[in-house]
Each structure stands twice: as C-alpha cells, then as structure tokens.
Amino acid sequence: MAAPLSRPLKVSRSKGYVLYFTVSCCSVLALFTIWWIASHYGWVNPLFLPSPADVWSAFTDIAREGYKGSTLLGHVGASLRRILIAMFFVFVTAVPLGIVCGRSRLVRAVFDPIIEFYRPLPPLAYYSLLVLWFGIGDTSKVILLFLSGFAPMFIAAVYSARRIPADRINGARSLGANGFRLYAFVIFPSCLPDLLTGFRTAVGVTYATLVAAEMVAAVSGIGWMALDASKYLRSDIIYAVIIIMGIIAILIDSAIRLLIRRVSPWIEQ
Amino acid sequence: MGTRAVNAAETVEAGVRLTDISLAYGDGAGGRPVLQGVNFTLRPDDFVCVLGPSGCGKSSLLHIIAGYLRPTEGTVRINGVLHTRPDPQVGVVFQHHNLFPWLSISENVAFGLRMAGIPRKERMRRTADYLSLVGLESAASLLPHQLSGGMKQRAALARTLAAEPSIVLMDEPFSALDALTRESMQQHLIGIWQRTRTCIFFITHDVDEALLLGRRIMVMQPGPGRFVEDFENPLCQAEIGLPLHELRAAKEYIPLRQRLMMSIAGDRTES
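Only a predicted model underlies this, so the values are computations on that prediction, with no experimental measurement involved.

1. Describing the overall build of chain B
And then number 1: Counting its regular elements, chain B contains 10 helices and 10 strands.
And then number 2: The proportion of buried residues among the 271 residues of chain B is 54%.
And then number 3: In chain B, of all internal contacts separated by at least 6 residues, the share reaching a separation of at least 24 is 70%.
And then number 4: Here chain B has roughly 11800 Å² of accessible surface; of this, 53% comes from carbon and sulfur atoms.

Shown next as structure tokens:
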C-alpha cells in the first residue's frame, strides 16, 4: 500500500508565494519612492516628513553614538527585556488558568467577569494606579505589559481548551490517561497550536502597549526614545525609531510563526 | 478498592455483562427514553456486529459500555467487575481515527503502554508487534496527517489493541473510508481477530459488513432502543474462512441479508 506521503500541494503553494513576495516587495519599494519624491520636491514640510536620507543619518547617528546615555542596542534590549519578562509571566499564568477555565464551566464563571471587565480598558487608564502601587521603576512597566498581554492569551487558552474534540479526550481516558496526565499528555498538546497563535496575538498587543509603558519615568527603551525625540521635534529620529520598531515586530512575529509551523506541522497554513 | 475485589470474587465470570441498561435524556416521566431494558453478555472471544438504523441508540450504548456515559439504570460488568468510568479495560475505536496529531504513529500506538507505566524497552517491543499486526511497520515514524485514511484507522486499531483491553468497541470505524479501502480494512480486521481473539463489539449500519465480520449479529430498533435479534452468523467468515466474493455467492447470503434488512427497516414504518 503506497501512501501519498509527498504532498504535491507544496509546489503550487511555493510558486504562489514567489509571486506574492515579489508584489509585496514592489509595494514597499513604491512607498519608499513616493516618500523620496515627496520630500525631494518639498511637497511636505520636512518637520512632518523628513527625507529618507535624513532618517538614515539619524539612524546611523543613534547606531554609532547611542541615544542619551545608552546605545541603540541597549534601548532595544531594555524594551525587549520588559516584553520578554511580561510574556513569560503571561504564558505561565494565562495558559494554565485559561485551559482550566476552558475545561470547567464553574471555574470559568469565576474568572470570566473579571477578565471581561478589564480587557477592553485602555491600559493608560489604569497605568497611573500601577505606578502608585509598584513605583516608577521597571516593575510597573512590566506589569502593564503583562496585563495587556494576559487577556488575549487567556481568551486563546479558553477557546483552545473548549475546542478539543470530545472523542479525543474520551479516547485518551480509555487508554488510561487521567487527571494531571490527561492535561499534560493530551489537553496541553491539543491546545498548543492555538496557544501559540494566541501568544502571537498577545505579543502584538503587548508590543502596542510598549510606548505607553515607557511614558512614565523611563530613561531607556525604544518606546521612550520615540517619546523623548518628539519633545525636541526630532522627527528624523522618530521615523528611524518607528522603522526599527516595525522591523523588530516583524522579526518577532516571523519567529513565532516559524515556531508554530515547527510545533504543529499537521496544521496547513 | 476492597469492595471491588469482593464483587469480583462474587461473580467470577469472564466477558462483558450488561444488566437492565436503560438510558433517558431529561428527568423523570418527561424524559425521552433512548435505551430500555438492554441485557446481554459478550464472551471473551466474541465478535459481535450490532446493526440498527441511525438514532436507535447504538452509539449511546457504546458510550455506556466505554464508561463515557452513565446509564439511568443498570450496570456494566467487565470480567465480573463493575465498570463505570473509562479505563484501559475497554478499548474504543472511533469513526474518525482520533489519533493524536502531534505524536508519530509509533508514539500513538505506545500511548496506552506509556500511561500504564510500562518500561521503555518493553513498550517499544510491544509497539513494534502491534504495528506489524496492522502492517504499519514502515509508517512508524510518520505523523498521522501523512497517512491515508485506511492507514490512520489501522493505526488507531493498533493503538487500541496495544493497551490489551478485555473488549474493543468499534463505532462504525470504516464508514468514513472509500469502498475499496473499507473492504481491505474488513479483511485486515478479520485477520487480526483470528490472531488475537479479542472480544470485539462492532457497530455498523451496513448489513453486508455485519454479515461479513460478525460471528454473532445483534439488531437494534429505536423508540426506545432495544435488541430485537441476536443470533450466531451462519456465514461468519472468520470461522469458515471464505473469501469475500464466495461469501457473497453463498446461497444463504441473500435470504439472510433480506431478513436483516426487514428486521432493521420494519420498525421504521411502525414508529
């Protein structure tokens, strides 16, 4: 019995991918060209839109000399460190709690109202409270990032646990999996693809909160750099920082997507 | 645990015994009866095919035997011991293969052994045995999504058998396969049963499949679900070893098939 082990689908997909990639590149190139033309012919006030050359030189300046006390890598590292710590705690708390809530209606009834209440709140609304509670140091910043990432991760975990087919749980119990081992060997791996997708969303939300988190009493971080530069109307630096932030976001996102594909190759994307 | 041992000692009997099983959805008099007064015994080497129209409660019955569903009344005893929750004594093969997509085929087959705490070496040996029983040695390291439908279902069967249950419940396991694959799976299953002689409780709505596989055939009717026929299959292939086409040509085949069709459909017009 020869099984169809090679998937011919892959060929056509990669062909489509090349076209997609080419069109995307052209789109980005077109945007840069318009930017360059607009600033070159002075269509827009350079304060609003500095030329690509100015932004580039702002970037090389920061990269070479750093910005106000730390190197560029130092700023990026400070921000990523905050996100990393926050996401670590998001994963280890929201995932178990969400999975248990997904499996038990009663536990869900306990936590759902609380999370549904705080989830839509703008983080800035309660940031001042966090600063009051935890001070102006890194703790309050990390907690703000944690809270913004917790809700999407929790919701993904609840959803993933509720989506497990009843037969899979039943079959596993008939094979002797019970209690903790059912969670560890069947429920958690069943949820993992959805959890990673939720993690991706949560990282995105956390990242979007980064500037807000670095607003108060920070002296480092890329979010803070953008804010600080705006005080001196250094729009060239703001643009450079925004582009750096964008590129970092894309890199993080691709890394998570790669991880999802590695962990769950059976899910066709 | 102590009472269990006493119960077992009282009624030492091999096989599966269902006593006065009733199931109703909803409460009291307003409840909709699904099963009523189901009694039967399966011998340890039985191969039973259960036939019945859809909605006759055959899947509910399977869920009760497996321990997924608690009957409103009645008891299930496996080798004399009361069975109320799923455990490795009762293996289940589902309509959909239901393999764990993140585990390789051999890891899937080894799952029950791993849960039972069997040492790695012994586990690997037994996994290899059951993989070769279903003819999947070459697929051991593949993931389920890389297999064809029939291979997945064979892997699911191997996974269930590897846990060495007292009874294997099969809920229309071949109904999602194409006709050719289904026939080869039926032959596989006969071969496997001849070698292992494990008790199989096989639900189907396909009369031909029941005649081909079952050593014993039971027919259910709905409203509420109950058994109306229970007989030894005179055509049973596993016993007489006829190939499929000869079985179909046997002179008892057509009248028997006719009788079963009537017995299944007859009730439909009544209720």
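2. As for the domain arrangement of chain A
Residues and elements named next belong to chain A.
And then number 1: What the domain assignment lists for chain A is domain 1 (1-44) and domain 2 (49-263).
And then number 2: For domain 1 versus domain 2, the separation of C-alpha centres amounts to 28 Å.
And then number 3: Domain 1 puts five residues into the contact, and the matching count from domain 2 is six residues.
And then number 4: Between domain 1 and domain 2, the buried area comes to about 510 Å², and carbon and sulfur atoms account for 84% of it.
And then number 5: It is Trp35, Ser39 and Val44 in domain 1 that bury the most area against domain 2; as a group they hold 83% of the surface buried on that side.
And then number 6: Counting across the domain 1 and domain 2 interface gives zero salt bridges.

3. Focus: the interface of chain B and chain A
And then number 1: Across the contact, 28 residues belong to chain B and 22 residues belong to chain A.
And then number 2: Summed over both partners, the interface of chain B with chain A buries about 2300 Å², with 67% contributed by carbon and sulfur atoms.
And then number 3: Per-residue buried area on chain B facing chain A is highest for Trp102(B), Met115(B) and His145(B); these three make up 27% of the total on that side.
And then number 4: Seen at the junction of chain B and chain A, the total is zero salt bridges.
And then number 5: Our enumeration of links across chain B and chain A arrives at five residue pairs in polar contact (both at pLDDT 80 or more).
And then number 6: Mapped onto the side of chain B that touches chain A, the elements with two or more residues apiece are β6 (90-93), α3 (105-115) and α5 (149-162) of chain B.
And then number 7: Looking at the side of chain B that touches chain A, its residues break down into 16 nonpolar, eight polar and four charged.

4. Details of the sheet that holds strand β7 (residues 167-171) of chain B
All names here are of chain B.
And then number 1: Ordered in space as β6-β7-β8-β3-β9-β10, the six strands form an open sheet in which the pairing is mixed. Since the sheet does not close on itself, it has two edges, and those belong to β6 and β10 (226-232), each with one partner. For this sheet the average axis-to-axis angle between neighbouring strands, irrespective of direction, equals 20°.
And then number 2: As defined by bridge partners, β6 adjoins β7 across four bridges and the pair is classed as parallel. Its bridge partner being in β7, Val90 is matched across the sheet by Ile167.
And then number 3: Across the face of the sheet, α5 comes into contact with β6 and β7 while running at roughly 175° to β6.

5. What to know about the confidence of the model for chain B
All names here are of chain B.
And then number 1: With 89% of its residues at a pLDDT of 70 or more, chain B has an overall mean of 86.
And then number 2: Below pLDDT 50 for its whole length, residues 1-6 participates in two contacts with residues either more than four positions away or in separate chains.
And then number 3: Note on residues 267-271: pLDDT under 50 across the span, and five contacts to partners over four residues away in sequence or across chains.
And then number 4: Both confidence scores are given for the complex: pTM 0.83, ipTM 0.85.

6. Brief notes about helix α2 (residues 52-65) of chain A
All names here are of chain A.
And then number 1: Compared with an ideal rise of 1.5 Å per residue, which puts 14 residues at 20 Å, α2 spans 20 Å between its outermost C-alpha atoms and is within 8% of the ideal.
And then number 2: Among the residues of α2, Pro52, Val55, Ala58 and Ile62 are the ones counted as buried. Buried positions in α2, seen along its axis, are confined to an arc of 125° and lie on one side of it. Within α2, the exposed residues directed more than 90 degrees away from the buried face are Ala53, Trp56, Arg64 and Glu65.
And then number 3: One or two positions beyond α2, positive phi appears at Gly66, with a value near 80°.

7. Considering the packing of aromatic side chains
Residues and elements named next belong to chain B.
And then number 1: Taken as a whole, this structure holds 19 aromatic pairs over all chains when the rule is applied.
And then number 2: Seen in terms of ring centroids, Phe47 and Phe202 are 6.3 Å apart; in terms of plane orientation they differ by 45°. Their pairing is tilted. You can see Phe47 sitting in strand β3 (residues 47-51) and its partner Phe202 sitting in strand β8 (residues 199-204), a full 155 residues away along the chain. Taken as a pair, Phe47 and Phe202 share a single burial class, namely buried.
And then number 3: Among the aromatic residues, those joined into a cluster by ring pairs are Phe47, Phe174, Trp193 and Phe202.
And then number 4: The ring centre of Phe100 lies 4.7 Å from the NZ or CZ of Arg159, which sits over that ring.

8. A few points about the pattern of salt bridges
And then number 1: Going through the model one piece at a time under the given rule, you end up with 24 salt bridges over all chains.
And then number 2: The salt bridge involving Arg119(A) is made with Glu116(A); its shortest N-O contact spans 3.3 Å.
And then number 3: Here Lys231(A) ties to Asp228(A) by a salt bridge, and the two come within 3.8 Å at their closest N and O atoms. Of this pair, Lys231(A) and Asp228(A) both sit in helix α9 (residues 222-231), three residues apart, roughly one helical turn.
And then number 4: Each of Arg43(B), Asp46(B), Arg216(B), Asp230(B) and Glu232(B) takes part in one network of salt bridges that share partners.

9. With respect to the sheet that holds strand β4 (residues 73-78) of chain B
Residue and element names in this part refer to chain B.
And then number 1: Within the open sheet, the four strands sit side by side as β2-β1-β4-β5. Their pairing is antiparallel. On the outer flanks of this sheet lie β2 (32-42) and β5 (81-82), each paired with one strand and no other.
And then number 2: In terms of strand pairing, β4 meets β5 through two bridges, oriented antiparallel. Considered in β5, the bridge of Arg77 is made with Leu82.
And then number 3: Relative to the sheet, helix α2 (residues 58-66) contacts β1 (16-25), β2 and β4, its axis offset from that of β1 by approximately 125°.

Parameters at a glance
- Residues numbered from 1 in each chain as written.
- Chains lettered and ligands numbered in written order.
- Predicted model: local features only at pLDDT ≥ 70, side-chain atom pairs only at ≥ 80, totals over all residues.
- Heavy atoms only, no water.
- Helix = DSSP H or I, 4+ residues; strand = E, 2+ residues; numbered from the N terminus.
- Buried < 20%, exposed > 50% of the residue type's maximum accessible area, 1.4 Å probe, protein only.
- Contact = heavy atoms within 4.5 Å.
- Areas by Shrake-Rupley, 256 points an atom, 1.4 Å probe, with all protein chains shown as cover.
- Domains from an automatic or database assignment.
- Buried area = accessible area lost by both parts, 1.4 Å probe.
- Salt bridge = Lys/Arg side-chain N within 4 Å of Asp/Glu carboxyl O.
- Polar contact = N/O pair within 3.5 Å; in protein donor to acceptor, adjacent residues only side chain to side chain.
- Nonpolar A, V, L, I, M, F, W, Y, C, P; charged D, E, K, R; others polar.
- Pairing = 2+ DSSP bridges.
- Axes fitted to C-alpha atoms, helices over the stretch in contact; angles between N-to-C directions.
- pLDDT = per-residue confidence, 0-100.
- Expected span 1.5 Å × (residues − 1).
- Arc of directions from axis to C-beta.
- Phe/Tyr/Trp six-rings, centres within 6.5 Å; stacked < 30°, edge-to-face > 60°.
- Lys NZ or Arg CZ within 6 Å of the ring centre and 35° of its normal.

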